[in-house]
Each structure stands twice: as structure tokens, then as C-alpha cells.
Amino acid sequence: MSTDRIEKQVLLRAPLDRVWRAISNADEFGQWFGVGFDGPFAAGTSVTGTITPTTVDDEVAKLQQPHAGNTSTWQIVAVEPRKRFAYRWHPCAGEPDTDHEPTTLVEFTLDETPDGVLLTIVESGFDALPAARRSTAFESNAKGWAHQVELVRKYLALEQRV
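None of these values were measured; they are calculated from a predicted model. (Residues numbered from 1 in each chain as written. Predicted model: local features only at pLDDT ≥ 70, side-chain atom pairs only at ≥ 80, totals over all residues. Heavy atoms only, no water.)

**Here we look at the overall build of the chain**
Basically, it comes down to this: Helix and strand assignments follow DSSP, with helices taken as H or I runs no shorter than four residues and strands as E runs no shorter than two, numbered in order from the N terminus. Radius of gyration: C-alpha atoms only; globule rule: 2.2 Å multiplied by the number of residues to the exponent 0.38. Note on definitions: a residue-residue contact is assigned when non-hydrogen atoms from the two residues lie within 4.5 Å.
Of the regular secondary structure elements, the chain holds four helices and seven strands. When the helices and strands of the chain are listed from N to C terminus, the series reads β-α-α-β-β-α-β-β-β-β-α. Computed over the C-alpha atoms, the radius of gyration of the chain is 15 Å, within 12% of the 15 Å expected from 2.2 N^0.38 for a compact globule of 162 residues. Dimensions of the chain, computed from the C-alpha atoms along their principal axes, are close to 45 × 30 × 30 Å. Looking at the chain alone, contacts between residues at least 24 apart form 57% of all its contacts between residues at least 6 apart.

Here it is as C-alpha cells:
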């Protein structure tokens, strides 16, 4: 098992264009992820994200509440329409003295299938983090991405019921 890379997948039963908007539009992404951004996602730019409760799941929103207001900088690496969205960030941002540490790379890739869209989320670069924080950051984010794949699924499913 790699300690440098987290990978999660979810099959989303929604059209490719709809899934793409959910992951590449900063406002929509923030609704299911639980972050408010100060600008749009554009390759080569940075945005500041502020933790807010997700609008998709009340239980997860309660877990996010103690972190509400924490901010982090997201460096947008790629916005490849209908295919890939990627950014760099500091895992476990908001903890003291992490701004100078290396960032991890988060990549969302989309693949159309006969049953929907396969979303793959990969976060890599944990081995470059200081040893004292590496395993905590990896474990925390592995749990977080397990929640996030469910949140994006719920977000898209809620819309289809309306």
C-alpha cells in the first residue's frame, strides 16, 4: 500500500457535462465539498477556500463545524474541460506552521462509461511532507476523500430528484 497516494473512485449517474460543472465550478464544488471560494477555478491562478458546512449532508456539516472559517490556498494546476481538474494545497491546512511545507496534488479525472461517469480522485505527494505530519495528513485525507466521493454523489443525486 502506497503512503504517497490516495485514490478514490465513484460512479456518478449523471451526464458528463453535469459532473464536470460539479467539480470545475468553484461555487458548485464548494456546495458539496464544504468550502467557499473567493474566485473561480482557472488554471495558473490561486483561490482562497474557507471551510463552510456542506449543503449536501447534515451529519458531515456538523463534523465540519469546528473547522468552519479555516482558510487555505488552492493553486489551480489544470482545468481540462470534461476531463481533468487539478490543484495543489496544503493537506490539513489551518494547522500552525504548514504554509511553508510542500503541497500535495489533487486530481479529479472523468471517464464516461455506459452507466454514467467514473470520477477518480487522486491526491499524491504525501512522502514529501515532514515526517512528523506525514501519516496524520495521509490518514486524515484518506478518510476525507471517502466522505467527499459520497458527497459529490449525493449532490448530483439530489438534483435529479427535483
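After presenting the structure, the write-up continues.
**Re the pairing of strand β6 (residues 104–113)**
Going by this rule: Strand pairing is assigned whenever DSSP detects at least two bridges linking the two strands.
Pairing geometry for strand β5 (residues 84–89) and β6, over six bridges, is antiparallel. Bridge assignment links Ala 86 to a residue of β6, and that residue is Glu 107. Where β6 lies against strand β7 (residues 116–124), nine bridges are found, and the strand directions are antiparallel. Bridged to Phe 108 within β7 is Ile 121.

**Observations regarding helix α1 (residues 16–24)**
The following threshold applies: Buried, partly exposed and exposed residues are distinguished by accessible area as a fraction of the type maximum, computed with a 1.4 Å probe on protein chains only: under 20%, between the cut-offs, and over 50%, respectively.
Most of α1 sits out of view: seven of its nine residues are buried. Taken together, the buried positions of α1 are Leu 16, Arg 18, Val 19, Trp 20, Ala 22, Ile 23 and Ser 24.

**Here's the deal with the sheet that holds strand β1 (residues 5–12)**
Each strand in a sheet pairs with its neighbour through backbone hydrogen bonds, running either in the same direction (parallel) or in the opposite one (antiparallel). Let me state the cut-off plainly: For every element, the axis is a line fit to its C-alpha atoms; helices are fit only across the contacting stretch, and the angle between N-to-C directions ranges from 0 to 180 degrees.
The strand order across the open sheet built from seven strands is β1-β7-β6-β5-β4-β3-β2, with neighbouring strands paired in antiparallel fashion. Unpaired on one side and paired on the other, β1 and β2 (35–37) mark the two borders of the sheet. Across this sheet, the average inter-strand angle for adjacent strands is 25 degrees, counted without regard to direction. Running at roughly 165 degrees to β6, α1 makes contact with β1, β4 (71–80), β5, β6 and β7 of the sheet.

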